[in-house]
Amino acid sequence: MTDDAAATPTCLARPLPGPDDGGAGCAAARGVDGRPLHAAALKFFWGPMDCGKSTMALQMNYNHARQGRRGLVTTRIDRSLGPQVTTRIGLAHTAVEVTDELDLRALVRDTWAEGVRIDYLICDEASFYDVAHVEQMAELVDGYDVDVYAFGLATDFRSCLFPAARRLFELADEVARIQVEVLCWCGREGLLNARVVAGRVVREGAQVVIGDTVDTADVRYQVLCRRHYRSGDLGPRA
């Protein structure tokens, strides 16, 4: 083998199997990362608002990319309302906006068809995805050896699991709570995302309403401990 041949990664990517292919699998390229095939995993990183989920997603993408791996970043309903992942500390990265019609498997297939291998997906705001998207994530891991790293909330403003988050808890190979501690105004650990409208905690309404944690927002969210979430106490600054 020549030095040039040794330095050139072999692309193993093939089109995803169709309904008539008898379930035959395919493997995404591993090439320069040197990892064995069939080592991919679906991992879900979750936490309340303000714990740094999007920051960790971009850090994960950076870490993998600098080792020669190639990935796609996806999001849904980012705070910027655009096709990008943004963070409260000023980081940003362009992303594919996930819609009801988007098939994550087709997204990878189309990228492979352009001659670009895909080793992993970064799926930010994953709790806002459809359950079908989570099933597609699992299929990308199991059938096509593509790592999927999902980041999102676990529960909504009513303290109920988002459907996609519930499915991620059920299917993920690894589930990890992000360790950046978010505090309630009282100093206890913040666990739950309260929706605040006109200075009051509301417990009815659409599951997803765009808002932020800044005090000036018409609809804002505040992370509270369970005690103050249940009582609706927003603290002395409210």
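Since the model is a prediction, treat every value here as computed from it, not as a measurement. (Residues numbered from 1 in each chain as written. Predicted model: local features only at pLDDT ≥ 70, side-chain atom pairs only at ≥ 80, totals over all residues. Heavy atoms only, no water.)

Quick look at the sheet that holds strand S5 (residues 96-97) now. Pairing in this open sheet of 6 strands is parallel, and the strands run S5-S2-S6-S7-S1-S8 from one edge to the other. Unpaired on one side and paired on the other, S5 and strand S8 (174-177) mark the two borders of the sheet. Pairing analysis gives 4 bridges linking strand S1 (residues 42-46) to S8, with the strands arranged parallel. Note that in S8 the partner of phenylalanine 45 across the bridge is alanine 176. Lying on the sheet, helix H2 (residues 53-65) is in contact with S1, strand S2 (71-75), strand S6 (120-123) and strand S7 (147-152); it crosses S7 at an angle near 160°. Helix-sheet contacts for helix H5 (residues 163-171) involve S1, S7 and S8, and the interaxial angle to S1 is about 130°. (Pairing = 2+ DSSP bridges. Helix = DSSP H or I, 4+ residues; strand = E, 2+ residues; numbered from the N terminus. Contact = heavy atoms within 4.5 Å. Axes fitted to C-alpha atoms, helices over the stretch in contact; angles between N-to-C directions.)

It is the contact of helix H3 (residues 104-113) with helix H4 (residues 131-144), at a shortest axis distance of 8 Å, that shows an interaxial angle of 45°. Taken together, the axes of H3 and H4 lie oblique to each other. On the side of H3, the interface is formed by Leu104, Arg105, Val108 and Trp112, while H4 contributes His133, Gln136, Met137, Glu139, Leu140 and Tyr144. Grouping the amino acids of the contact of H3 with H4 by side-chain chemistry returns 6 nonpolar, 2 polar and 2 charged. (Parallel < 35°, antiparallel > 145°, perpendicular 65-115°, else oblique. Nonpolar A, V, L, I, M, F, W, Y, C, P; charged D, E, K, R; others polar.)

With that out of the way, let us pick up the sheet that holds strand S10 (residues 200-202). If you walk across this open sheet you meet the 3 strands as S10-S9-S11, and the pairing is antiparallel. Both edges of this open sheet fall to S10 and strand S11 (219-224), since each of them pairs with a single strand only. Across the sheet, the mean angle from the axis of one strand to that of its neighbour is 50°, orientation sign disregarded. As paired strands, strand S9 (residues 192-197) and S10 are joined by 3 bridges and run antiparallel to one another. Its bridge partner being in S10, arginine 195 is matched across the sheet by valine 202.

Attention shifts here to the environment of alanine 41. Considering the arrangement of structural elements, one finds alanine 41 in the loop between helix H1 (3-7) and S1. Look at alanine 41 and you get buried, because its relative accessible area is 14%. In this structure the C-alpha to C-alpha distance between alanine 41 and alanine 172, which are 131 residues apart in sequence, comes to 7.8 Å. (Buried < 20%, exposed > 50% of the residue type's maximum accessible area, 1.4 Å probe, protein only.)

Bringing a nonpolar patch on the surface into the picture now. On the surface, Leu81, Val208 and Ile210 cluster together into a nonpolar patch covering about 270 Å² of accessible area. Along the chain, the position of valine 208 falls in the loop between S10 and S11. Given a relative accessible area of 35%, valine 208 falls into the partly exposed group. (Patch = residues over 30% accessible without salt bridge, like charges linked within 9 Å, V, L, I, M, F, W, Y side chains within 5 Å. Areas by Shrake-Rupley, 256 points an atom, 1.4 Å probe, with all protein chains shown as cover. Salt bridge = Lys/Arg side-chain N within 4 Å of Asp/Glu carboxyl O.)

On the surface, Arg188, Arg203, Arg226, Arg227 and Arg230 cluster together into a positively charged patch. Along the chain, arginine 227 turns up in helix H6 (residues 226-231). On the basis of relative accessibility, which here comes to 54%, the residue arginine 227 falls in the exposed class. (Lys, Arg positive; Asp, Glu negative; His and termini not counted. Charge placed at Lys NZ, Arg CZ, Asp CG, Glu CD.)

Glancing now at the confidence of the model for the protein chain. Looking at the protein chain, pLDDT values average 85 and 83% of them are 70 or higher. In this model residues 1-32 is a low-confidence stretch, pLDDT under 50, and it forms 59 contacts with partners more than four residues away in sequence or in other chains. (pLDDT = per-residue confidence, 0-100.)

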